[in-house]
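Residue-level listing of the chains:
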Amino acid sequence: MDKNCQEQQLTGIIKFTPPLYEQRYQFVKDLVGKYRPKKVADLGCADCTLLWMLKFCSCIEVLAGLDICESVMKEKMHRLSPLPGDYLQPAERSLTVTLHHGSVAHKDPCMLGFDLVTCIELIEHLEQSELKKFPEVVFGFMAPSIVVISTPNSDFNPLLPGMTLFRHPDHKFEWNRAQFQSWALETARRYDYSVEFTGVGHPPTGMENVGFCTQIGVFVRKYPQTSESAQSEKPTEAVYKTVFKAVYPSLKDEKYLQNAVVSEVIFTAQIIKQSLLDCLMSEHEEYNDDPTDRKSKFQPSMNCFSEDLGKLVVEKSMEPFVNGNVVYIPLTTIFSFPKVNRLCGTFEKLRKLIAGKVTLSSDGSAVMFNTEHENEEN
């Protein structure tokens, strides 16, 4: 039975809102918001729900999951794949999500270099031999900046009606607060971490002495890991099996960046072109009404443009213009628009990215549009 479903049956009478597992995941999300890690690994990721939630955190560029049960991961791992919208509007950050099948009692180089490692309701599923190896693998070998470990607080168990020995049939043990804190403090001391204790799932009023339903230890490494220590025990070969990998489209990829820039340049130029043509049409009507008014149809007044566009054109002295059936939109005007500017960074990069993708004037200084078909339609 799924561990979250089993838990909901046990805690249903106490009515945790939101459900206890959601509170644990939210605790991790809040921690990610505080420390802004780029690389996060979830050990014992099970159905990948926490990974799915974390993929929306803008700071994370690498997500990895590890579980001993391959079938459980495969059931819902498709949720970690990019959606069509991710390709239509690529994010500025890169994101790679990988799932591995293996044991937390084994070392594999693919789990090195992570900023945050989460172990949510994991350690109580470990056999004694695995639990003995666990600290060396996570704190000694992986040595991330932060480790989060949550586990049931057995002091709370008497408040859970219908429970026999443990909260889940696969649990090998369940520690009370003193046992967990003793283990955590010794582990932190041995591997140069500090640890703070907290939890989720408040007890009923009047029963505060039992503590949180789920106890949590947040371990923070005291000293930066040296390159020597990081390489000292690196195994020569992988022991985990990769069962899933997804690389999300990103504006850091030149291909996706070029597509985004070309689309934005064309969109921006179309807006400027339409504003110019509307302005010319208005002034042409005024000219016919009053022959003494000799405004040049090629020099529309700035009040014909939108306020933002007019400000940009006036400040930069970069007026679009019409010559025959062709509208010319200066690249410098387009580059001055915030989104184009942010995407490209430099004017030189703008020119490089749109080269061959957008019709430019002979000197490459302006985007060109032929208005002949617009006139025919009108």
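See the structure shown above.
Reading the values: the criteria
Residues numbered from 1 in each chain as written. Predicted model: local features only at pLDDT ≥ 70, side-chain atom pairs only at ≥ 80, totals over all residues. Heavy atoms only, no water. Pairing = 2+ DSSP bridges. Helix = DSSP H or I, 4+ residues; strand = E, 2+ residues; numbered from the N terminus. Axes fitted to C-alpha atoms, helices over the stretch in contact; angles between N-to-C directions. Contact = heavy atoms within 4.5 Å. Expected span 1.5 Å × (residues − 1). Buried < 20%, exposed > 50% of the residue type's maximum accessible area, 1.4 Å probe, protein only.

## Considering the sheet that holds strand S4 (residues 116-120)
- Read from one edge of the open sheet, eight strands run S6-S7-S5-S4-S1-S2-S3-S8, paired in mixed fashion. Unpaired on one side and paired on the other, strand S6 (193-200) and strand S8 (241-247) mark the two borders of the sheet. Across the sheet, the axes of successive neighbouring strands diverge by a mean angle of 15°, strand direction being ignored.
- Pairing geometry for strand S3 (residues 96-101) and S8, over six bridges, is antiparallel. What sits directly across from Leu-99, in S8, is Phe-244.
- Here helix H6 (residues 128-142) sits on the sheet and contacts strand S1 (39-43), S4, strand S5 (146-152), S6 and strand S7 (214-221); the angle it forms with S5, its principal contact strand, is near 160°.
- Along the sheet face, helix H7 (residues 177-190) touches S5, S6 and S7 and points at about 155° away from the line of S6.

## Here we look at H6
- With 15 residues, H6 should cover 21 Å at 1.5 Å per step; its first-to-last C-alpha distance of 20 Å lies within 8% of that length.
- Those residues of H6 that sit buried are Leu-131, Phe-134, Pro-135, Val-137, Val-138, Phe-139, Phe-141 and Met-142.
- Where H6 terminates, the next one or two residues include Ala-143, which has phi positive at roughly 45°.

Nothing here speaks to function; it is all geometry.
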